[in-house]
Amino acid sequence: MSRLVLGVVTGVILVLPLLAPAYHVLLMLPFMAYAVIVLGLNLLFGYTGLVSFGHALFIGIGAYTGAVLTTHLGVRSLELMLLASAALGALIAAPVAALCVRYVKIYFGMLTLAFGMVFYTFLLKFYRLTGGDEGMQVLRPTLLGQDLGGIPKTDYLVGPYYYYSLAVLVLAGLVMWRIVHSPFGLCLRTIRDNPTKAEALGISIVRYRWSAFVISAVYAAVGGALLGPPTGNVDPTLAYWTHSGNIVFMTLLGGFANFFGPVLGAFVFIFLQDTVMAVVPYWRLIFGAILALVVIFAPTGLMGLVARRRPAEVARA
Amino acid sequence: MKSSRREFLKAVGAAAVGGGAVGFPAVARAQARKGVPSEPVKVGVLAIRAGIAAAVGTAGLRGTEWWAERVNKAGGILGRPVQLIVEEESNPKDTVERYRRLILQEKVEVVLGGISTGVTLALGPVAEDMGAPWLSWDGTTQKGVEETMPNPKWAFKSVDNEFEAIVAAVLTAKYFKGIKTVAGINNDYSYGHDCWETYQHVLRRYTPDVKFVLELFPKLGVTDFTSHIASIQQAKPDLLMSSFWSGDTTIIMKQAAAVGLFKTMKAVFTTGGGVHDSLKKEFTPEGLLLGYNSMYFDDPKGSALLKQFVREYKAKHNEYPPYECDHAYFCAESFKAAAEKAYASAGQWPTKAQVVKALEGIEVESLSGRRSWRGDHIQMCNFFQGVTTHKNPYDFVTINPVEVMSTKVAMKPAGGKLLDWINATFPLKG
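Residues numbered from 1 in each chain as written. Chains lettered and ligands numbered in written order. Predicted model: local features only at pLDDT ≥ 70, side-chain atom pairs only at ≥ 80, totals over all residues. Heavy atoms only, no water.

Chemist: Would you explain the overall build of chain A in this entry?
Modeler: Counting its regular elements, chain A contains 15 helices and two strands. Over its C-alpha trace chain A gives a radius of gyration of 19 Å, about what one expects of a compact globule, namely 20 Å for 317 residues. Buried residues in chain A amount to 53% of all 317 residues. Taking the intrachain contacts of chain A between residues at least 6 apart in sequence as the baseline, contacts between residues at least 24 apart amount to 76%. Carbon and sulfur atoms make up 71% of the accessible area of chain A, which amounts to about 13,500 Å² in all. Treating the 19 positive side-chain charges of chain A as one cloud and the 10 negative ones as another, the clouds have centres 12 Å apart. (Helix = DSSP H or I, 4+ residues; strand = E, 2+ residues; numbered from the N terminus. Rg over C-alpha atoms; globule rule 2.2 N^0.38 Å. Buried < 20%, exposed > 50% of the residue type's maximum accessible area, 1.4 Å probe, protein only. Contact = heavy atoms within 4.5 Å. Areas by Shrake-Rupley, 256 points an atom, 1.4 Å probe, with all protein chains shown as cover. Lys, Arg positive; Asp, Glu negative; His and termini not counted. Charge placed at Lys NZ, Arg CZ, Asp CG, Glu CD.)

Given below as structure tokens:
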């Protein structure tokens, strides 16, 4: 993606709260949270070649960390929520990754799915600890030490919270850009394309895959923490396998071969779902058909379609 | 009436997918009252449309559609036709987004609906934040059995989740005297656990020496109860209690009939009436205690309104209506009554705040009889339970006698703690 397009998109996102209806600005909040999540997921999926069907586990970790901090521990700082989510996401990802990255393809996918469902079941069954199916409340967090409890929730979300989420997304994007363009990122791609050759070159495949998994889990946890405050409640469906499927869908939709593809996928997914849901009661059928069409006719996603038309420009992105 | 592109798309989409987006029902030409705008009054509806509770959500939506058609045929609300804008209730995150869409994008006057307490717990605070009335069909803002929003301004909630377990325990003591041992099979989520706990507490007040010998919590949506039934047979209880409310009631009834389970024990299905017309006589025995929640379609003392609704529902959908229709009808009808009441004093179409004020304590004629909103915004109504019988013209069981219990006598009062209230209301017997 050219810098010009990126600049225009960033500019539009910056002025959106001033121009767009409040509802569309509110829809940007889950978009930005999912954008962080899929940036991380794509490190594993697009750059390392490992498809996780259990990353909702880490979204759940982030969301519930925020809920526990605000409702039970009296911690209302969003900065602390994000840090704690990231730390807990990494802590839990470390042993999960150690077990999962020893496998590839369907075995890796199934293992991640299994761990995700273990956590989902934990959330559902340990009622007194997690609230079970009723979930847990997330109180309005403070932003950079500012207690914004006095302004209406919608104003809070479309104003300060919106720009805070945007800042987190930009920061997450910059860090991920550095990661994938670093020697570490190059090693991941080598492992994805030819693990045998990578090993022969002295690259520790398991260690690199483990690192990519943990980083992606941290991103998912941070995104999960951002998802909680707009809803004001977190529940076990955030950790359910279909939620893992949704983020894989977003990544496929946008295109995992491009850095910005998953972010575009998240955007299209959120706004397409919103539109289709409002028009057709059986919107899941439409989404299923779209997924099938993407896989059959555009396996490189929406960004892949752009790349076919503008190969030189996209290649530079 | 001019249709917008969105409404046109809705109609096309609904036709294409065979689904239920709602267009405009027939509207009698009526003059809007003085001070009342002539454009339609938009009513938002949140209904479950997928998964295990889709049938319940569909019933609520049908009840609302029937109400809207009826109101529009009579000239609308203060002369304004009603337009339903339907969105899906799914998980808390997505439902909160649909709720915000209804308020911010569609500019609805009120939102009706909400069944899952997991969802409505999230919706309650959002309704308060957004300053628009939300009338829940069947969802509460209870955490377990205790209220989390004792003094809401905009949120109106359903009957306490555990109410029908209380009614069932009282009726168990009345109809099944001499019960010594009880087993429970309830869904593994908060409603199932809360109903079972509450049922035990109340039943102990009547029969202190009763023993609860087995508790099973299958996942919601399970379709094979073979192992559960084997466990129940082994425990040999005098009575089985269940708060199943969906298709699992039908399934366990069939599988229990296959092994003759209810030949050796009594049974109480507190909420099985949710799928009442699937409980066929061939596998559902007489003599069980069966709950129909807030509406019994075949109530011999039912009003002309109920009889008309049942007749038209059967003609249109080839089914007999379950209770969710009544929750939905009541919410919609109480909104209409509140708008009219507020108009009487304001002399113009009321603001949302005026509607909310008028809703408090309002009583209206619903399908099941008179229903009202308590001061703390909880639904007040009657619940129907009774003993199953085959003596009816249907191919499924009905109940006779029909026991009617009001929330005024068997639901904890505003601000009350459940166990304290049970202990004070049901003195120990024996």
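Chemist: What exactly am I supposed to notice about a nonpolar patch on the surface here?
Modeler: Residues and elements named next belong to chain A. Side chains of Leu14, Val15, Leu18, Leu19 and Tyr163 sit close together on the surface and give an oily, nonpolar patch of about 500 Å² of accessible area. Per-element accounting of the nonpolar patch gives the leading share, four residues, to helix H1 (residues 3-19). The topology assignment puts Leu18 in helix H1. (Patch = residues over 30% accessible without salt bridge, like charges linked within 9 Å, V, L, I, M, F, W, Y side chains within 5 Å. Salt bridge = Lys/Arg side-chain N within 4 Å of Asp/Glu carboxyl O.)

Chemist: Looking at this structure, I do not really get the pattern of salt bridges. What am I missing?
Modeler: A side chain of one charge can pair with a side chain of the opposite charge if their charged atoms are brought near each other. Evaluated as defined, the whole model comprises 25 salt bridges over all chains. The shortest N-O distance in the salt bridge between Glu87(B) and Arg98(B) comes to 3.0 Å. With Glu87(B) in strand S2 (residues 82-89) and Arg98(B) in helix H3 (residues 92-105), this pair connects stretches of sequence that are 11 residues apart. The network of salt bridges with shared partners includes Asp274(A), Glu87(B), Arg98(B) and Arg101(B).

Chemist: What exactly am I supposed to notice about the side chain of Ser216(A) here?
Modeler: Residues and elements named next belong to chain A. Residue position: Ser216 is located in helix H10 (residues 205-231). Judged by relative accessible area, which is 0%, Ser216 ranks as buried. Of note is the side chain of Ser216, whose polar atom sits 2.7 Å from the backbone oxygen of Phe213. In this structure Ser216 touches Gly40, Leu41, Leu44 and His55, once residues within four positions along its chain are discounted. (Polar contact = N/O pair within 3.5 Å; in protein donor to acceptor, adjacent residues only side chain to side chain.)

Chemist: Before we go on, may I ask you to explain the sheet that holds strand S15 (residues 379-380) of chain B in this structure?
Modeler: The strands that make up a sheet are held in pairs by hydrogen bonds between backbone atoms, and each pair lies either parallel or antiparallel. All names here are of chain B. With respect to topology, three strands assemble into an open sheet ordered S13-S14-S15, the strand pairing being antiparallel. Edge positions in the sheet fall to strand S13 (363-366) and S15, since each has one partner strand and no second. Running over the sheet, helix H10 (residues 324-346) touches S13, strand S14 (369-373) and S15 and is turned about 135° from S13. (Pairing = 2+ DSSP bridges. Axes fitted to C-alpha atoms, helices over the stretch in contact; angles between N-to-C directions.)

Chemist: Would you mind showing me how to read unusual backbone geometry here?
Modeler: Most peptide bonds take the trans configuration, and most residues that are not glycine carry a negative phi. All names here are of chain B. Here the residue pair Asn400 and Pro401 is connected by a cis peptide bond, since its omega of 5° sits within 30 degrees of zero. Relative to the helices and strands, Pro401 is located in strand S17 (residues 398-406). The backbone phi angle of Lys107 is positive, close to 55°, even though this residue is not glycine. Residue position: Lys107 is located in the loop between H3 and strand S3 (110-113). Positive phi, normally seen in glycine, also occurs at Asn293, with a value near 55°.

Chemist: What's the story with the pairing of strand S10 (residues 239-242) of chain B in this structure? I'm lost.
Modeler: Regular strands have side chains that alternate between both faces of the sheet. All names here are of chain B. Neither face of S10 is open: one carries Leu239 and Met241, the other Leu240 and Ser242, and all of them are buried. Bridge count for strand S8 (residues 181-185) against S10 is four bridges, and the pairing is parallel. Bridging across to S10, Val182 finds its partner in Leu239. Where S10 and strand S11 (residues 266-269) come together, four bridges link them in parallel fashion.

Chemist: Please clarify how the interface of chain B and chain A should be interpreted in this entry.
Modeler: Frequently, the measure chosen for interface size is the accessible area removed from exposure when the parts meet. Facing 40 residues of chain B, the contacting portion of chain A comprises 37 residues. At the boundary of chain B with chain A, total buried surface from both sides reaches about 3,100 Å², with 55% on carbon and sulfur atoms. Counting every contact that joins chain B to chain A gives four salt bridges. Note that Asp274(A) and Arg101(B) form a salt bridge whose closest N and O atoms lie 2.6 Å from each other. (Buried area = accessible area lost by both parts, 1.4 Å probe.)

Chemist: Quick question: what am I supposed to make of the sheet that holds S2(B) here?
Modeler: Residues and elements named next belong to chain B. As summarised here, the arrangement of the five strands in space is S2-S1-S3-S4-S7, forming an open sheet in which the pairing is parallel. The sheet is open, and its two edges are formed by S2 and strand S7 (155-156), each paired on a single side. Pairing geometry for strand S1 (residues 41-48) and S3, over four bridges, is parallel. Note that in S3 the partner of Val45 across the bridge is Leu112.

Chemist: Looking at this model, I keep getting lost on helix H5 (residues 163-175) of chain B. Mind explaining?
Modeler: Residue and element names in this part refer to chain B. For H5, spanning 13 residues, the distance from its first C-alpha to its last is 18 Å, which sits close to the expected 18 Å at 1.5 Å a residue. Where burial is concerned, most of H5 is hidden: 11 out of the 13 residues are buried. Regarding H5, the residues found buried are Phe163, Glu164, Ala165, Ile166, Val167, Ala168, Ala169, Val170, Leu171, Thr172 and Ala173. (Expected span 1.5 Å × (residues − 1).)

Chemist: Before we go on, may I ask you to explain the packing of aromatic side chains in this structure?
Modeler: Given two aromatic rings, their pairing is described by the distance between the two centres and the angle made by the two planes. For the structure shown, the criterion picks out 39 aromatic pairs over all chains. Seen in terms of ring centroids, Phe45(A) and Phe256(A) are 4.8 Å apart; in terms of plane orientation they differ by 20°. Their pairing is stacked. Here Phe256(A) lies in the loop between helix H11 (241-254) and helix H12 (261-279) and Phe45(A) lies in helix H2 (residues 22-45), a separation of 211 residues in the sequence. With a centroid separation of 5.8 Å and 45° between ring planes, the pair formed by Phe297(B) and Phe396(B) is classed as tilted. Note that Phe297(B) is positioned in the loop between strand S12 (289-291) and helix H9 (304-317) and Phe396(B) in the loop between strand S16 (382-389) and S17, a separation of 99 residues in sequence. These aromatic residues form a ring-pair network of at least three members: Tyr292(B), Tyr296(B), Phe297(B), Tyr320(B), Tyr394(B) and Phe396(B). The positively charged end of Arg140(A) is found above the aromatic ring belonging to Tyr156(A), 4.9 Å away from the centroid. One cation-aromatic arrangement involves Arg80(B) over Trp349(B); the distance from NZ or CZ to the ring centre is 4.5 Å. (Phe/Tyr/Trp six-rings, centres within 6.5 Å; stacked < 30°, edge-to-face > 60°. Lys NZ or Arg CZ within 6 Å of the ring centre and 35° of its normal.)

Chemist: When you look at the nonpolar core in this model, what are you seeing that I'm missing?
Modeler: Soluble globular proteins tend to bury their nonpolar side chains together. With 125 residues, the main nonpolar core has Ile77(B), Val182(B), Tyr199(B) and Phe262(B) as its most contacted residues. For this core, the element with the highest residue contribution is H10(B), accounting for 12 residues. Here this core spans two domains, and each of domain 1 (5-159 + 303-380) and domain 2 (163-293 + 382-425) of chain B adds at least three residues to it. The residues contacting Tyr199(B), other than those within four sequence positions of it, are Ala165(B), Ala168(B), Ala169(B), Thr172(B), Val182(B), Leu239(B), Met241(B) and Val268(B). In this structure, Ala35(A), Leu188(A), Met250(A) and Val119(B) belong to the second largest nonpolar core, which totals 119 residues. (Core = buried A, V, L, I, M, F, W, Y, C linked by side-chain atoms within 4.5 Å. Domains from an automatic or database assignment.)

Chemist: Where do I start with the state of the cysteines in this structure?
Modeler: In protein structure, a disulfide is the covalent linkage between the sulfur atoms of two cysteines. All names here are of chain B. Per the stated rule, a full pass over the model turns up zero disulfides over all chains. Free of any disulfide, Cys331 has its nearest cysteine sulfur in Cys381, 10 Å distant. Using a relative accessible area of 0% as the deciding quantity, one classes Cys331 as buried. (Disulfide = S-S within 2.5 Å.)

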